[in-house]
Amino acid sequence: MAFDVRRFDIYRKVPKDLTQPTYTGAFISICCCVFMLFLFLSELTGFIATEIVNELYVDDPDKDSGGKIDVSLNISLPNLNCDLVGLDIQDEMGRHEVGHIDNSMKIPLNSGLGCRFEGKFSINKVPGNFHVSTHSATAQPQNPDMTHIIHKLAFGDKLQVEKVQGAFNALGGANRLDSNPLASHDYILKIVPTVYEDMGGKQRFSYQYTVANKEYVAYSHTGRIIPAIWFRYDLSPITVKYTERRQPFYRFVTTICAIIGGTFTVAGIIDSCIFTASEAWKKVQLGKMS
């Protein structure tokens with residue numbers, strides 16, 4: 001007795017001469033194909049596109065930095081001569097540097113009456129401050145004017161990722177031109193380490209920060225007013241990590257199968273209901289005619 005493997009066929013075929021095409025079925029089939037194509041293209045777009053997933057954890061992410069953070073500062077003081085402008089850095093590790101000049105540039109403004117200071121320097125990963133002042137000048141001005149505009153204050157690598165929104169340059173655009181010229185300005189910064197990992201596993205280290213500020217008039221021990229622009233910072237132990245990911249291929253295939261199977265099933269049910277109702281209505285009409 002020959003063994004017929006066809007008995008295991010769960011997809012039994014119906015002869016074509018036993019099937020009946022209808023206009024309703026054709027219309028539903030066309031709509032079904034258009035709908036499936038739309039869903040397929042939507043899923044394909046989602047599969048090709050990447051998503052950004054963020055997480056929080058306690059760690060020092062950039063352990064190869066040697067305990068340093070790169071800082072980029074760009075500030076304009078339209079009423080203070082460049083010969084008087086200086087940058088001082090100090091922190092809790094004992095660093096105290098007056099008149100930092102490495103990787104810095106001073107650009108005269110307003111025919112030499114003002115100054116634009118641009119500097120790149122590094123700070124230790126401990127609480128401290130850096131400030132723009134006249135402390136390093138050989139002679140102190142009688143009426144120093146610390147009104148200013150901060151164009152940029154950023155820490156670490158620059159992140160140019162469209163889907164990552166954060167406070168990487170929170171002080172950018174800060175305008176204090178209407179302040180008291182003799183007032184000191186305190187910007188209190190809480191720096192948050194931020195890691196961005198792309199699809200290839202490459203990591204970039206940057207820092208976001210929150211800021212609070214106050215304005216006051218400070219007197220020296222001699223009774224003179226010596227204003228300054230202070231940036232006092234502390235580091236948060238919490239690290240924010242952004243990871244670039246793409247939808248797994250198996251999930252894409254599963255979704256496509258669900259779209260095709262579900263659409264065919266629902267369309268078949270609708271077509272069957274319409275066909276059954278149509279046949280029943282025809283029988284009712286024939287009964288009325290007879």
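Residues numbered from 1 in each chain as written. Predicted model: local features only at pLDDT ≥ 70, side-chain atom pairs only at ≥ 80, totals over all residues. Heavy atoms only, no water.

As recorded in an unreviewed UniProt entry, the protein chain goes by Endoplasmic reticulum-Golgi intermediate compartment protein and comes from Lepisosteus oculatus. Taken from UniProt, the Sequence similarities (unreviewed entry) comment for the protein chain reads in full: "Belongs to the ERGIC family." The Function (unreviewed entry) field of the UniProt record for the protein chain holds the comment "Plays a role in transport between endoplasmic reticulum and Golgi." (UniProt positions renumbered as here; feature names shortened; annotations may be inferred.)

Visitor: Which residues make up the domain arrangement of the protein chain, and what values go with them?
Guide: When the domains of the protein chain are assigned, the result is domain 1 (22-51 + 247-279) and domain 2 (59-237). Taking the mean C-alpha position of each, domain 1 and domain 2 sit 58 Å from one another. (Domains from an automatic or database assignment.)

Visitor: So what's going on with the layout of surface pockets? Which residues, and what values?
Guide: Within this model, the largest pocket holds a volume of roughly 320 Å³. Around the largest pocket, the lining is made up of 16 residues, and of these Lys152, Ala154, Gly156, Asp157 and Lys158 lie nearest the centre. Within the residue set of the lining of the largest pocket, elements represented by two or more residues are strand E2 (68-77), strand E6 (114-124), strand E8 (149-156) and strand E11 (203-216). When residues of the lining of the largest pocket are assigned to their parent elements, the largest contribution, four residues, is made by E8. For the lining of the largest pocket, a count of residues per class yields seven nonpolar, four polar and five charged. Here the second largest pocket is characterised by a volume of approximately 220 Å³. What lines the second largest pocket is a set of 13 residues, and nearest its centre among them are Gly25, Ser29, Ala267, Gly268 and Asp271. If you list the elements that add at least two residues to the lining of the second largest pocket, you get helix H1 (23-48) and helix H2 (249-289). Split by residue class, the lining of the second largest pocket holds seven nonpolar, five polar and one charged. (1 Å grid on protein atoms, 1.4 Å probe; cavity = no way out; pocket = protein on both sides within 12 Å on 5 of 7 lines; lining within 4 Å. Points joined across faces, edges and corners; volume = space filled by probe spheres on them. Helix = DSSP H or I, 4+ residues; strand = E, 2+ residues; numbered from the N terminus. Nonpolar A, V, L, I, M, F, W, Y, C, P; charged D, E, K, R; others polar.)

Visitor: Help me get a handle on the state of the cysteines, residues and values and all.
Guide: Taken as a whole and assessed by the stated rule, the structure comprises one disulfide. Here Cys82 connects covalently by a disulfide to Cys115, the sulfurs 2.3 Å from one another. The S-S bond linking Cys82 to Cys115 shows a torsion near 100°; that makes this disulfide right-handed. Taken as a pair, Cys82 in the loop between E2 and strand E3 (86-91) and Cys115 in strand E6 lie far apart in primary sequence, 33 residues in all. Judged by relative accessible area, which is 11%, Cys82 ranks as buried. Residue Cys115 is classed as buried on the basis of its relative accessible area, which comes to 0%. Free cysteine Cys31: the closest other cysteine sulfur is in Cys32, separated by 8.8 Å. Counting only cysteine sulfurs, Cys32 is the nearest neighbor of Cys33, a cysteine outside any disulfide, at a range of 5.5 Å. Given a relative accessible area of 47%, Cys33 falls into the partly exposed group. (Disulfide = S-S within 2.5 Å. Buried < 20%, exposed > 50% of the residue type's maximum accessible area, 1.4 Å probe, protein only.)

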